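Inside the fold
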Amino acid sequence: MLDFHLEHPWIILGLSVITVLSRGFFVISDRHFELPYWLERSLEYAPIAALLAVIAPEVLTLHGELIHHWLDARWMACLAGVLYYALLRQRGPSLLGVIVVGMLVYLPVHIWAGG
Amino acid sequence: MFFLPQNFSHPAFKEGLRSIVSVCVGIFAWGLMTGVAMVNSGLSQADALAMTLLVFAGSSQLAVLPLLAVNAPWSVVLATAFCVNLRFVVFSAHMRAYLAHYPRWYRLCSSYFTADITYVQFIQRFPNPAKDIEGQQVEQAYLAGNAFLNWASWMSGSILGIFLTQYIPAQWGVGFAGILALLGLTCKMLNTPKRWLVALLASVAACLTVAWPLKLNILFAMVVSVLICLGLERYTMLSHQTPKGSTP
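Keep in mind that what you see is a predicted model, and the values were worked out from it rather than measured. Per chain, residue numbering runs from 1 following the sequence as it is written. To read the labels, note that chains go from A and ligands from 1, taken in the order they are written. Reporting in this predicted model follows two pLDDT cut-offs: at least 70 for local features of residues, and 80 or more for side-chain atom pairs to be given and counted; totals over whole chains, interfaces and linings ignore these cut-offs and use all residues.

Describing the overall build of chain A
A helix here means a DSSP run of H or I that spans at least four residues, while a strand means a run of E at least two residues long, and both kinds are numbered starting from the N terminus. Helix and strand counts for chain A stand at five helices and two strands. Starting at the N terminus and walking to the C terminus, you meet the elements of chain A as α-α-α-β-β-α-α. Note that the radius of gyration is over C-alpha atoms, with the globule rule given as 2.2 Å times the number of residues to the power 0.38. For chain A, whose C-alpha radius of gyration is 21 Å, the value lies well above the compact-globule estimate of 13 Å for 115 residues. Along the first, second and third principal axes, the C-alpha set of chain A runs to 50 × 50 × 30 Å. Residue burial here comes from a neighbour count, namely the number of other C-beta atoms, placed from the backbone, that lie within 10 Å of the residue's own C-beta, with 20 or more meaning buried, 12 or fewer meaning exposed, and in between meaning partly exposed. In chain A, which comprises 115 residues, the proportion classed as buried is 41%. Partitioning the contacts of chain A with sequence separation of at least 6, the portion at a separation of at least 24 is 49%. In this description, any two residues whose backbone-derived C-beta atoms lie within 7 Å of each other are considered to be in contact.

Regarding the overall build of chain B
Looking only at helices and strands, chain B features 13 helices and zero strands. The linear arrangement of helices and strands in chain B, starting from the amino end, is α-α-α-α-α-α-α-α-α-α-α-α-α. Against the 2.2 N^0.38 benchmark of 18 Å for 248 residues, chain B shows a C-alpha radius of gyration of 20 Å, consistent with a compact globule. Dimensions along the principal axes, computed over C-alpha positions, put chain B at roughly 65 × 45 × 35 Å. Expressed as a percentage of the 248 residues in chain B, the buried residues total 47%. Long-range pairs, those at least 24 residues apart, make up 74% of the contacts in chain B with a sequence separation of at least 6.

Considerations on the confidence of the model for chain B
In this model, chain B carries a mean pLDDT of 91, and residues with pLDDT of at least 70 account for 95%. Counting contacts from residues 239–248 of chain B, a segment whose pLDDT is below 50, to residues more than four positions away or on other chains yields six contacts. On a range of 0 to 100, pLDDT expresses the predictor's confidence in each residue.

Topic: the domain arrangement of chain B
Residues and elements named next belong to chain B. Domain assignment breaks chain B into domain 1 (5–189) and domain 2 (191–248). Those domain boundaries reflect an automatic or database domain assignment. Summarising the inter-unit geometry, the C-alpha centres of domain 1 and domain 2 are found 25 Å apart. Taken together, the contacts link ten residues of domain 1 with nine residues of domain 2. The class makeup of the residues in the side of domain 1 that touches domain 2 is six nonpolar, three polar and one charged. Side-chain classes are defined by residue name, with Ala, Val, Leu, Ile, Met, Phe, Trp, Tyr, Cys and Pro counting as nonpolar, Asp, Glu, Lys and Arg as charged, and the others, Gly among them, as polar.

Thoughts on the interface of chain A and chain B
Bring the parts together and some accessible area is lost; that lost area is often taken as the interface size. Taken together, the contacts link 65 residues of chain A with 75 residues of chain B. Listed by contribution, the elements that provide at least two residues to the side of chain A that touches chain B are α1 (9–23), α2 (37–43), α3 (46–60), α4 (73–87) and α5 (95–113) of chain A.

Remarks on unusual backbone geometry
As a rule of thumb, non-glycine residues mostly have phi less than zero, and peptide bonds are mostly trans rather than cis. With a phi angle near 50 degrees, His63(A) is a residue other than glycine that sits in the positive phi range. As for its position among the elements, His63(A) is in the loop between β1 (61–62) and β2 (65–66). We note that Leu214(B) has phi near 60 degrees; this positive angle belongs to a residue other than glycine.

Re helix α8 (residues 104–112) of chain B
Those residues of α8(B) not exposed but buried are Arg107(B), Ser110(B), Ser111(B) and Tyr112(B). Tucked inside the fold, the buried residues of α8(B) contact α1 of chain A together with α7 (86–99) and α10 (133–163) of chain B.

As for α7(B)
Residues and elements named next belong to chain B. A helix is expected to reach a length of 1.5 Å times the quantity of its residues less one. Under the 1.5 Å per step criterion, the end-to-end length of α7 is 20 Å for 14 residues, consistent within 8% with the ideal 20 Å. Among the 14 residues in α7, ten count as buried, and that is most of the element. For α7, the set of buried residues is Arg87, Phe88, Val90, Phe91, Ser92, His94, Met95, Arg96, Tyr98 and Leu99.

Thoughts on the packing of α3(A) against helix α11 (residues 176–189) of chain B
Note on geometry: axes are lines fitted to C-alpha atoms, helical ones only across the stretch in contact, with angles between N-to-C directions running from 0 to 180 degrees. Close contact between α3(A) and α11(B) brings their axes to 10 Å; oriented N to C, the two are set at 140 degrees. One finds that α3(A) runs oblique with respect to α11(B). Read as a crossing pair, α3(A) and α11(B) show a hand that is left-handed. Contact residues: α3(A) offers Pro47(A), Ile48(A), Leu51(A), Leu52(A), Val54(A), Ile55(A), Glu58(A) and Val59(A), while α11(B) offers Ile179(B), Leu182(B), Leu183(B), Leu185(B), Thr186(B) and Met189(B). Working definition: roughly parallel below 35 degrees, roughly antiparallel above 145 degrees, roughly perpendicular at 65 to 115 degrees, and oblique for all remaining angles. Two helices cross in a left-handed way if the nearer one is turned anticlockwise from the farther one by less than a right angle. They cross in a right-handed way if the turn is clockwise.

Regarding the packing of helix α4 (residues 45–55) of chain B against α10(B)
Residues and elements named next belong to chain B. It is at 10 Å that the axes of α4 and α10 come closest, and there the two elements cross at 175 degrees. Between α4 and α10, the interaxial angle falls into the category roughly antiparallel. The segment α4 lies against α10, with Gln45, Ala48, Leu49 and Thr52 engaging Met155, Ser158, Ile159 and Ile162. Class assignment for the residues of the contact of α4 with α10 results in five nonpolar, three polar and no charged.

A closer look at the nonpolar core
In terms of nonpolar packing, the biggest core is built from 107 residues, with Ala49(A), Ala53(A), Ala202(B) and Met222(B) touching the most fellow members. Of the domains in this structure, domain 1 (5–189) and domain 2 (191–248) of chain B are the two that each give at least three residues to this core. Each residue touching Met222(B), except ones within four places of it in the same chain, is listed here: Ala46(A), Ala49(A), Ala50(A), Ala53(A), Arg87(B), Val90(B) and Ala202(B). Here a nonpolar core is just a set of buried residues of the types Ala, Val, Leu, Ile, Met, Phe, Trp, Tyr and Cys, joined wherever their C-beta atoms sit within 7 Å.

Description of the environment of Ala221(B)
Within the secondary structure, Ala221(B) sits in helix α13 (residues 216–240). On a C-alpha basis, the gap between Ala221(B) and Val174(B) in space is 27 Å, while along the polypeptide they are 47 residues apart. For Ala221(B), the residues in contact, after removing those within four places along its chain, are Ala49(A), Ala53(A), Ala202(B), Ala205(B), Ala206(B) and Thr209(B).

A word on the confidence of the model for chain A
Here chain A averages 90 in pLDDT, and 96% of its residues register 70 or above. Within chain A, the element-level pLDDT minimum falls on α2(A), averaging 86, and the maximum on α1(A), averaging 96.

Below, the structure written as structure tokens:
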């Protein structure tokens, strides 16, 4: 049964406040302000830069270093997913397909060889 | 927010749901493994549940687990979470234009529910903020629908992971589906040479600085890749024509 005694109630509350503060950082103030032009321009690139900054280290590094062994399930799975997407580009491939194809490559190689 | 009738009864709410439905299996798997990781790190089920329901930020939850395990001071724990969340600060600068005309509680609540995938899909769907009230309602309804399914998939995965920890070995690597979900979104966005360039630069920068603490490599990679592209853009623009008016 679940025991409702919390060991870290204040830390958890604090972390929730951190989520609100970070996700809402620039919407907290009621004051109207214009972002500088260069910053506004740079936001166009922010989503794609954020995606790759999260994905690339998860795929190409291990324990804080670039992988130096080619037998790694992660890059193979990503390659398979990207190929699936590129080949079906004209027909509007589903993102679910990328996940399914990637996992079909990832799971066997990962369980057999690691990575 | 998804609990406001003005949002969930709007047709664009369903559009928001539909756009994220194809990746929600990845979000679910990612949530599942985060739930498992929390309990495996020694957190009690009650703490893990409270954390998942309130904190709702996977990467910062994972980052503070080792700190909680050694009873690190609360200031260190909170500072760590904020650093890991710095990319959201950038997202919020972007979301500001879409939320400015709403009251503060709405802006903060809406931002709280806007995690990575919702932000990326929203910005892709609405590259320019609407000027009229109908357009703004469409935006908010879409955002609410998308955020709702993201939240629901993440929470169901996480809660299942917390209660079924002993049946889900971490070494299966099911959580990789979350990375593949982000990869799918990336594929969809890689449709101009500039985006390819920023993607390449961000990947290289993030991998080279992966040993940096507090996931600061993510923010570093974002800043560096964006600034380089901005510089190139300005250079090529200058070489073709003199920019008018609003140059930095």
